[in-house]
Amino acid sequence: MQIEASIRRLEQRGRAVNRASLCGLGVFIAFVLATMPLQSLGAFESQWARMLWSGCGLAAMLITGVLTAIYSYRYRPALERAKGELLATTIAQLQQQVAELGRKVDGQRA
């Protein structure tokens, strides 16, 4: 039971990080797509506006990359490892239960 609860918590954290990275990707794409209409409206005539817009777009891209790396190198392998351990534990418990049932059946025959 403790393994299952830890897997659930790990899955929740992993989903949150993955969701945040997808949101970051959406923000970055929105920055890229909004550049042309804003340029045509003259929003980037001043130097600081261009620098601010570029900086926000780059920050969104970097944050997305960091979150994706965290998910890929921390949560995904940990989840796979934890699920493998849960499977091994479950198989071991099933083997014990089968052995106990076999002893009970043998005891009733005798």
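In this convention, every chain numbers its residues from 1, walking through the sequence in written order. Totals for whole chains, interfaces and linings use all residues, but because this is a predicted model, local features are given only for residues with pLDDT of at least 70 and pairs of side-chain atoms are given and counted only at 80 or more. In computing side-chain properties, one takes all heavy atoms of the structure into account and sets aside hydrogens as well as water.

A. Looking closely at the nonpolar core. Here the nonpolar core consists of buried residues drawn from Ala, Val, Leu, Ile, Met, Phe, Trp, Tyr and Cys, with membership extended through side-chain atoms lying within 4.5 Å. Note on classification: 1.4 Å probe, protein chains only; a residue is buried when its accessible area is under 20% of the maximum for its type, exposed when over 50%, partly exposed between these limits. Among the nonpolar cores identified, the biggest contains nine residues, and these are Ile-7, Leu-10, Val-17, Leu-67, Tyr-71, Tyr-75, Ala-78, Leu-79 and Ala-82. Contributing elements (two or more residues each) for this core: helix H1 (2–40) and helix H2 (47–109). Only DSSP runs of H or I with at least four residues qualify as helices, and only runs of E with at least two residues qualify as strands; both kinds are numbered from the N terminus onward. Ranked by residue count, the leading element in this core is H2, at six residues. The contacts of Ala-82, once residues within four sequence positions are left out, are Ile-3 and Ile-7. Any two residues whose heavy atoms approach within 4.5 Å at even a single point are treated as in contact.

B. Structural view of the pattern of salt bridges. For salt bridges, the criterion is a side-chain nitrogen of Lys or Arg within 4 Å of an Asp or Glu carboxyl oxygen. By the definition in use, this model includes two salt bridges. Where Glu-11 meets Arg-15, a salt bridge forms, and the shortest distance between an N and an O atom there is 3.9 Å. In this pair, Glu-11 and Arg-15 both sit in helix H1, four residues apart, roughly one turn of the helix. The exposure class assigned to Arg-15 is partly exposed, which follows from its relative accessible area of 47%. Note that Lys-83 is salt-bridged to Glu-11, the shortest N-O span being 3.3 Å. Highlighted residues: Lys-83 in helix H2 and Glu-11 in helix H1, separated in sequence by 72 residues.

C. Broad picture of the packing of aromatic side chains. Pairs were defined over the aromatic rings of Phe, Tyr and Trp, the Trp ring being its six-membered one, requiring ring centres within 6.5 Å. Orientation was assigned from the angle between planes: stacked under 30 degrees, edge-to-face over 60, tilted for the rest. All chains considered together, the criterion is met by two aromatic pairs. With 4.5 Å between their ring centres and 50 degrees between their planes, Phe-31 and Trp-53 make a pair best called tilted. Of this pair, Phe-31 sits in helix H1 while Trp-53 sits in helix H2, and the two are 22 residues apart along the sequence. Residue classification places Trp-53 among the partly exposed residues on the basis of a relative accessible area of 25%. When the centroid spacing of 5.8 Å and the interplanar angle of 50 degrees are considered together, the rings of Phe-44 and Trp-53 count as tilted. The class of Phe-44 is buried, set by a relative accessible area of 7%. Three or more aromatic residues joined by ring pairs make a cluster, and in this case those are Phe-31, Phe-44 and Trp-53.

D. Summary view of H2. Over its 63 residues, H2 extends 91 Å from the first C-alpha to the last, a length consistent with the 93 Å expected when each residue adds 1.5 Å. Fitting one axis to the seven residues ending at a residue and another to the seven starting there, the bend at that residue is the angle between the two axes. Along H2, the largest kink reaches about 30 degrees and is centred on Tyr-71. Where H2 is concerned, the buried positions are Ala-49, Gly-57, Ala-60, Thr-64, Leu-67, Tyr-71, Tyr-75, Ala-78, Leu-79 and Ala-82. Residues of H2 that are buried sit in contact with H1. How far a helix is expected to stretch is found by multiplying one less than its residue total by 1.5 Å.

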